[in-house]
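# Descriptive analysis of the structure
Residue strings, one per chain:
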Amino acid sequence: MVSNRVPVPKEGTSKAGGLTVALEGALKQSGGLWFGWSGETVENPSDQTKVSQAGNITFAVLDLSQQDYDEYYAGFANRALWPVCHYRLDLVQIERQELDGYFRVNRTFAASLAPLLQPEDVIWVHDYHFIPLAAELRRLGFKNRIGFFLHIPWPPSDVASALPAYQQLLQGFGAYDLVGFHTPQDAENFQRCLVRENIGSEIRTGEHEIDGHKVRIGAFPVGIDTETFVRAAANAERNALVRRTKASLGDRDLIIGVDRLDYSKGLKQRIEAFSCFIKSNPDFRNRVTYIQITPKSRSDVPEYQRMQREIAEQAGWTNGSLGEVDWTPVRYVNRTVGHAALAGLYRMSQIGLVTPLRDGMNLVAKEFVAAQQPDDPGVLILSRFAGAAHELDGAILVNPYDTEACAAAIARALRMPLEERRERWDSMMTRLRTNTVEAWCQHFLSSLSNVSNESMEAHASTNTENGRYPFSEAAPA
């Protein structure tokens, strides 16, 4: 397993949330090696990995220099790849040194991973930080099965083509045996990019040949550990934070939103929609509270610093204009809340407000549904631009850009009859119990293991003149 974030166990620290927990749970099933960045920057990083063991998982991590961090992570990954993949071309920053740094760090990681690999290992690479990694491993002579999963959206070609080194990045995907996305739409967008750029040739839908190597392309929607989250929510009444929050609300209804601080999450539009709802439904004044839990992220990236200030100011303005002495309409929290407490807060909420402008999947939506009381479930309001919208058919789908429609959805959810709430929840829970994180992991790895011998043999016959694969130039022009 290769990912940018590696949750090396440390005493006195809580586990990270979301995807990291999901991947750790998946890896525990079979055991193996988890490789990636340590999260540390040092003056003179070593090319030797720091290795530790926890149960049947071996953790191997590398430090980065400040320059590597600035160029690879804060630079190209989060100021070019991230905004383009989230359809925000207005925020793209293109710097040649950051592009070079991205490919340089991928070469470094491949070289450090190489001594740890065995010929029979299956390699699963995660997310946009490591798109070129397989090409670098092929350049070093590795013929292992290598799969790639993208945890963020993949846009259509007119948007994706704004990426720096766009063709080289697409070409690099040809080093993988399997490329996975959350939704059929993202997989289709990706394959159309290959066709439009005339990279390789389309064999059939879901299969492409690049430099004589067949690459399978498919949708593998990630799930959550459903039953574990159900139990956590049921037991959360004893959690101190949950008890205090419940007492502070009195008899008011609760609307909850939980998101990392990111411009893709639509926080500004969401607060505006809540304000519109209160103004349009004065009978709900002092009868409902909206809690938005938003831990800070990437605070060293200028776009995020600016957004932190804007959202905090907007929440303050909303409370100042709509609130009363005994009622704060919006509780805006920039702190991480533990999974156990979150499960309890979800369970006591009448509405889960999950309205990103664009999201690969959004596991918060699934966790909210799993946390609900079966006999009196809350309602999920979900952006149609979240990957979860392809699965959670019992949610009220909204366009997050349409403020009045989102406000009307909040009013509808709060007035929804119990029978309809139960029907919607039952439909979604059936899906969540089937497509768990374990099922997602097994589905992807099974598909990767079934890569044909013909595809594997293609690695051996690929032109490796000068020790390089044709799609693995050291740094794109």
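Overview of the structure. (Residues numbered from 1 in each chain as written. Predicted model: local features only at pLDDT ≥ 70, side-chain atom pairs only at ≥ 80, totals over all residues. Heavy atoms only, no water.)

We now examine unusual backbone geometry. One non-glycine residue, Asn198, adopts positive backbone phi at about 55°. In this structure, Asn198 sits in the loop between helix H7 (184–196) and strand E8 (201–204). (Helix = DSSP H or I, 4+ residues; strand = E, 2+ residues; numbered from the N terminus.)

Let us now look at the sheet that holds strand E14 (residues 351–354). Judged by pairing direction, the sheet is parallel, and its six strands sit side by side in the order E13-E12-E11-E14-E15-E16 without closing on themselves. The open sheet has two edge strands with one neighbour each: strand E13 (330–333) and strand E16 (396–398). Direction aside, the axes of adjacent strands within the sheet are offset by 20° on average. As defined by bridge partners, E14 adjoins strand E15 (residues 379–383) across four bridges and the pair is classed as parallel. Paired with Ile351 across the bridge in E15 is Val379. Against the sheet, helix H13 (residues 363–371) touches strand E11 (253–258), E14 and E15, its axis set at about 170° to E15. In the packing of helix H14 (residues 403–414) onto the sheet, contacts are made with E11, strand E12 (288–293), E14, E15 and E16, and the angle to E16 comes to roughly 170°. (Pairing = 2+ DSSP bridges. Axes fitted to C-alpha atoms, helices over the stretch in contact; angles between N-to-C directions. Contact = heavy atoms within 4.5 Å.)

Attention now goes to the packing of aromatic side chains. For the coordinates displayed, the defined rule picks out 30 aromatic pairs. Taking 5.3 Å as the distance between ring centres and 80° as the angle between the ring planes, the aromatic pair formed by Phe149 and Trp440 counts as edge-to-face. With Phe149 in strand E6 (residues 146–149) and Trp440 in helix H16 (residues 437–449), this pair connects stretches of sequence that are 291 residues apart. The same class applies to Phe149 as to Trp440, namely buried. An aromatic cluster is defined as three or more aromatic residues linked by ring pairs; in this entry it consists of Phe35, Tyr72, Phe76, Tyr102, Phe103, Phe109 and Phe130. (Phe/Tyr/Trp six-rings, centres within 6.5 Å; stacked < 30°, edge-to-face > 60°. Buried < 20%, exposed > 50% of the residue type's maximum accessible area, 1.4 Å probe, protein only.)

Taken N-terminus to C-terminus, the directions of helix H2 (residues 66–85) and helix H3 (residues 96–113) make an angle of 110°; their axes are 8 Å apart at the nearest point. The angle between H2 and H3 falls in the class roughly perpendicular. Relative to H3, H2 is oriented so that their crossing is left-handed. Contact residues: H2 offers Gln67, Asp68, Asp70, Glu71, Tyr72, Gly75, Phe76 and Leu81, while H3 offers Gln97, Glu98, Leu99, Gly101, Tyr102, Arg104, Val105 and Asn106. (Parallel < 35°, antiparallel > 145°, perpendicular 65-115°, else oblique. Left-handed = near helix turned anticlockwise from the far one by under 90°.)

With that settled, consider the pattern of salt bridges. Within the structure shown, the criterion is met by 21 salt bridges. Among the salt bridges present, the one from Arg138 reaches Asp177, with a minimum N-O distance of 3.1 Å. You can see Arg138 sitting in helix H4 (residues 133–139) and its partner Asp177 sitting in the loop between helix H6 (166–172) and strand E7 (178–181), a full 39 residues away along the chain. This pair shows no difference in class: Arg138 is buried, exactly as Asp177 is. A salt bridge links Arg192 to Glu188, with the shortest nitrogen-to-oxygen separation between them at 2.7 Å. Linking Arg192 with Glu188, this pair stays in helix H7, spanning four residues, or about one helical turn. In this structure, a network of salt bridges that share partners links the residues Asp68, Glu71 and Arg104. (Salt bridge = Lys/Arg side-chain N within 4 Å of Asp/Glu carboxyl O.)

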